Amino acid sequence: MNSNSSQASRLTPPDGPVLVVGGAGYIGSHTVRMLEESDVPVVVVDDFSTGHRGAVASPLAEVSLGDPDALARVFSDWKPRSVMHFAARCLVGESVENPSVYYRENVQGAWNLLEVMRDAGCDELVFSSTCATYGVPVEVPITEANPQVPINPYGRTKLHIEHMLEDYSKAYGLRFAALRYFNAAGASSSADLGEDHQPETHLIPLLMQVALGQRDSITVFGDDYPTPDGTCVRDYIHIVDLADAHLRALGRIQNGVQQVVCNLGTGSGYSVQEVVEVVRHVTGHPIPTQMGKRRSGDPAQLVSGGSRAREILGWVPTRSSLETIVRDAWRFHQAHPHGFEDKDGS
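Residues numbered from 1 in each chain as written. Predicted model: local features only at pLDDT ≥ 70, side-chain atom pairs only at ≥ 80, totals over all residues. Heavy atoms only, no water.

(A) Just the overall build of the protein chain, in detail. Helix and strand counts for the protein chain come out as twelve helices and 14 strands. In terms of overall size, the protein chain behaves like a compact globule, its C-alpha atoms giving a radius of gyration of 19 Å where 346 residues would be expected to give roughly 20 Å. When the backbone C-alpha atoms are referred to their principal axes, the protein chain occupies close to 55 × 45 × 45 Å. Looking at the protein chain as a whole, 55% of its 346 residues qualify as buried. Put simply, 78% of the contacts in the protein chain that link residues at least 6 apart link residues at least 24 apart. Entry remark: accessible area of the protein chain is about 14500 Å², with carbon and sulfur atoms responsible for 48%. In the protein chain, 28 positive and 42 negative side-chain charges are present, and the distance between their average locations comes to 3 Å. (Helix = DSSP H or I, 4+ residues; strand = E, 2+ residues; numbered from the N terminus. Rg over C-alpha atoms; globule rule 2.2 N^0.38 Å. Buried < 20%, exposed > 50% of the residue type's maximum accessible area, 1.4 Å probe, protein only. Contact = heavy atoms within 4.5 Å. Areas by Shrake-Rupley, 256 points an atom, 1.4 Å probe, with all protein chains shown as cover. Lys, Arg positive; Asp, Glu negative; His and termini not counted. Charge placed at Lys NZ, Arg CZ, Asp CG, Glu CD.)

(B) Quick peek at the pairing of strand 5 (residues 124-130). Along strand 5, seven of the seven residues are buried, which leaves the element largely enclosed by surrounding structure. Sheet topology note: the strand 4 (residues 82-85)/strand 5 ladder contains three bridges and is parallel. Within strand 5, the position partnered with V83 by the bridge is L125. Judged from the seven bridges that link them, strand 5 and strand 6 (residues 175-181) form a sheet pairing that is parallel. When the bridges of strand 6 are listed, S128 appears paired with L179. (Pairing = 2+ DSSP bridges.)

(C) Broad picture of the packing of aromatic side chains. Counted by the stated rule, this structure contains one aromatic pair. Measuring from centroid to centroid gives 5.0 Å for Y168 and Y172, while their planes differ by 70°, and the two rings are edge-to-face. Highlighted residues: Y168 and Y172, both in helix 6 (residues 153-172), separated by four residues, approximately one helical turn. Y168 sits in the buried class, given a relative accessible area of 11%. Between R53 and the ring centre of F48, over which it is positioned, the NZ or CZ distance is 4.1 Å. Residue placement shows R118 over the ring face of Y172; its charged tip is 4.0 Å from the ring centre. (Phe/Tyr/Trp six-rings, centres within 6.5 Å; stacked < 30°, edge-to-face > 60°. Lys NZ or Arg CZ within 6 Å of the ring centre and 35° of its normal.)

(D) Geometry of the environment of V220. Tracing the sequence through the fold places V220 in strand 8 (residues 218-221). The residues contacting V220, other than those within four sequence positions of it, are T231, V272, T289, Q290, M291 and G292.

(E) Examining the environment of R175 more closely. Structurally, R175 can be placed in strand 6. The spacing of R175 and H281 is 106 residues in sequence and 45 Å in space, taken between C-alpha atoms. Ignoring any residue separated from it by four or fewer positions in sequence, one finds R175 in contact with D123, E124, L125, I253, Q254, G256, V257 and Q258.

(F) Seen up close, the nonpolar core. In this structure, L35, M84 and L264 are the most contacted members of the largest nonpolar core, which totals 36 residues. Counting residues per element, this core draws most heavily on helix 8 (residues 239-254), which supplies eight residues. Not counting the four nearest positions on each side in its chain, M84 is found in contact with V18, L19, V20, V21, T31, L35, V126, H246, L247 and L250. Within the second largest apolar cluster, 29 residues are counted, among which are V43, V45, L125 and L165. (Core = buried A, V, L, I, M, F, W, Y, C linked by side-chain atoms within 4.5 Å.)

(G) The arrangement of the confidence of the model for the protein chain in detail. Across the protein chain, the average pLDDT comes to 91, with 94% of residues at 70 or higher. Model confidence for the protein chain, summarised as mean pLDDT per element, is weakest for helix 1 (residues 3-8) at 41 and strongest for strand 4 at 98. In this model, residues 342-346 is a region of pLDDT below 50 whose contacts with residues beyond four sequence positions or in other chains number twelve contacts. (pLDDT = per-residue confidence, 0-100.)

(H) Focus on the sheet that holds strand 12 (residues 270-271). If you trace the three strands from one edge of the open sheet to the other, you get 12-9-14, paired in mixed fashion. The open sheet is flanked by strand 12 and strand 14 (301-302), the only strands paired with a single partner. Of the pairings in the sheet, the one linking strand 9 (residues 233-234) to strand 12 comprises two bridges and is antiparallel in character. What sits directly across from R234, in strand 12, is Y270.

Right, here's the structure in full:
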């Protein structure tokens, strides 16, 4: 039995579609694909500020969370049973430079969504949170017991939303899952869905751009961290494993669990230099590097700890070896050297 058919047994028979907000984005589109493969009806809500039309095949409502009246019409038309919420601004540097946009689009947008859900009697939500809510960890690996002290507006907005979910759960009976990701990476095995951000800031797709000849080199920000090779260490989780965790979390709250809060990571960390070496091996490209200064606020290590996701969700990553992640990402970028504009112009 494959992971998708196994997951379908954990979801209750649909009496309304799942509304996937931000379903045209990187993580959302992979989760939509897995829902569809599990025979779960899906409606995507996206304003295409960062998502891509080429990533969407499901019924679509082009709506912004900043327009609660339009969002309410979507709920009235489609009567969703559950919601998955991926839509957010997520660039740390941009959040520091322009926090107003992050509080408006992330926090205000989430509040609009929660209010529309409450008015519609929809009380099941899976929320895309982040390990950035922990800030600089007091210990590594990072368990869910680590204090949440975010150090940038992006992390703060996600923590504000987690607090809203807790309050709505207590006051209004909302059942929710808050999933704190580490570094999402990789692409679909069919190479038709993958990572395409504008501007691109994530390490693996930037390395793919070097391998494709679109960049001359990659800048490594700091080689004097207290890590084995001096470069930052991060926990990379395959996007397909991440999508699987969302379906498992949805199944839990559909079956009556009030709250699910857990990290999503592998528990293994790879340094920037280790990632570069794997990309060199997979692509056959030398991947020139340049050394830059440390970036403000970059912790030396961010690695997930604990086993709560395994205990609560029965979730065990199966595709998250670094070489598998890189090989899948390389296939996508070879097939789409200019991202989704090759497919849909957006």
